[in-house]
Amino acid sequence: RTSAVTFTAPALMNFPSLSKLFPYDNQLVKFRVNGSDLLKILRYMVRGTYRRMTDKDGDLLRISADGTTLRAAHNIDCAGGIFWSIDVRRKDFAVKIDSFLNGRKFNLNEIYTIATNSFRAEKIINETGISAEIEQVHKDWFSAFLAYLDSSPTRPTNSVGQLTLKPERWTQNALRREIPI
């Protein structure tokens, strides 16, 4: 039994999310990394999305110059298959993987499979400096996804994993201030 992480988690939920993830000629790909490199990838994604908070009134999200959108395009909420947390008070964000959706515990030395689109895979590998070989899963992702839906006795669920931002009282207040509902 293996554990996997996806940086295309919305694709597991519905077609509109999938089509947004693959707007160009990207392909569905996978690559394998050890636990240490997986943490490095998550830290890279976190640094592009969140700021370090030094007090409860600090800013959390990295907002663009016009103040309307996230500066980073990492879609941190799309990291699926894991239950993980970060501590925004820490300079290194103290990224911690608690477990995988299949119940397995995280191990720094275990090898994990990452599924994502070809653009993200190349960007992640190049910008983090990890060593990984990208493997194409299916060139025609759309047909593969439809075939999966046709053959699957159950539909994908929204259970793709969860990120906890700590300390929760600080981060929840910051999100309410920074993201108008």
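Positions within a chain are numbered from 1, following the residues in the order the chain's sequence is written. Only residues with pLDDT of 70 or above have their local features reported here, since the model is predicted, and side-chain atom pairs are shown and tallied only from 80 upward, although totals for entire chains, interfaces and linings are computed over all residues. Hydrogen atoms and water are omitted, and side-chain values are computed over all heavy atoms in the structure.

**Q** Would you mind going over the pattern of salt bridges with me for this structure?
**A** For side chains bearing opposite charge, pairing can occur when the charged atoms are close. When a carboxyl oxygen of Asp or Glu is within 4 Å of a side-chain nitrogen of Lys or Arg, the pair counts as a salt bridge. Scanning the entire structure with this criterion turns up seven salt bridges. With a closest N to O distance of 3.0 Å, glutamate 127 and lysine 123 form a salt bridge. Taken as a pair, glutamate 127 and lysine 123 lie in helix 3 (residues 118–128) at a separation of four residues, close to a single helical turn. In this text, helices come from DSSP runs of H or I with a minimum length of four residues, and strands from runs of E with a minimum of two, each type numbered from the N-terminal end.

**Q** What's the story with the nonpolar core in this structure? I'm lost.
**A** Nonpolar side chains in soluble globular proteins tend to be buried together. One finds Phe31, Leu38, Leu42, Trp84, Ile86 and Ile97 to be the most contacted residues of the largest nonpolar core, which totals 33 residues. If you list the elements that add at least two residues to this core, you get strand 2 (28–34), helix 2 (35–49), strand 3 (82–87), strand 4 (96–100), strand 5 (111–117) and helix 3. The definition of a nonpolar core used throughout is a set of buried Ala, Val, Leu, Ile, Met, Phe, Trp, Tyr and Cys residues joined through side-chain atoms within 4.5 Å. For every residue, the accessible area (1.4 Å probe, protein chains only) is compared with the maximum for its type, and the residue is labelled buried under 20%, exposed over 50%, or partly exposed between those bounds.

**Q** Honestly, helix 5 (residues 168–178) in this entry has me stumped. Any pointers?
**A** Since there are 3.6 residues in each turn of an α-helix, residues three or four apart along the chain are aligned in direction. Residues of helix 5 that are buried include every one of Thr171, Ala174 and Glu178, and no others. One side of helix 5 holds all its buried residues, which, seen down the axis, span an arc of 65°. Away from its buried face by more than 90 degrees, helix 5 exposes Arg169 and Arg176. Directions are taken from the helix axis to each C-beta atom, and the arc is the one they span.

**Q** How should I be thinking about unusual backbone geometry in this particular structure?
**A** What you tend to see is this: most non-glycine residues have negative phi, and most peptide bonds are trans. In this structure, the amide linkage connecting lysine 166 to the following residue, proline 167, adopts the cis form with an omega of -10°. Along the chain, the position of proline 167 falls in the loop between strand 7 (161–166) and helix 5. Even without a glycine there, the phi angle at phenylalanine 93 is positive, about 65°. Within the chain, alanine 94 stands out as a residue other than glycine whose phi angle is a positive 45°. Summarising the element assignment, alanine 94 is placed in the loop between strand 3 and strand 4.

**Q** Would you mind showing me how to read the environment of tyrosine 112 here?
**A** Position of tyrosine 112 among the secondary structure elements: in strand 5. Separated by 81 residues in sequence, tyrosine 112 and phenylalanine 31 have C-alpha atoms that sit 8.4 Å apart. Polar contact criterion, stated in full: a pair of N or O atoms within 3.5 Å, where within protein one must be able to donate a hydrogen and the other to accept it, and residues adjacent in sequence count only if both atoms are side-chain atoms. Among the polar contacts listed, one links the side chain of tyrosine 112 to the backbone nitrogen of asparagine 107, at a separation of 2.8 Å.

**Q** Which parts of the structure should I look at to understand the packing of aromatic side chains?
**A** Two aromatic rings, taken as a pair, are described by how far apart their centres are and by the angle between their planes. Two rings from Phe, Tyr or Trp (for Trp, the six-membered ring) form a pair when their centres are within 6.5 Å of each other. A pair whose planes differ by under 30 degrees is stacked, one over 60 is edge-to-face, and the rest are tilted. Per the counting criterion, the structure on display carries three aromatic pairs. Measuring from centroid to centroid gives 5.7 Å for phenylalanine 106 and tyrosine 112, while their planes differ by 15°, and the two rings are stacked. Comparing phenylalanine 106 with tyrosine 112, the two get one shared label, buried. Here the guanidinium or amino end of arginine 89 rests over the ring plane of tryptophan 170, the centre of that ring lying 6.0 Å away. In our convention, an over-ring charge means Lys NZ or Arg CZ found within 6 Å of a ring centre and within 35 degrees of that ring's normal.

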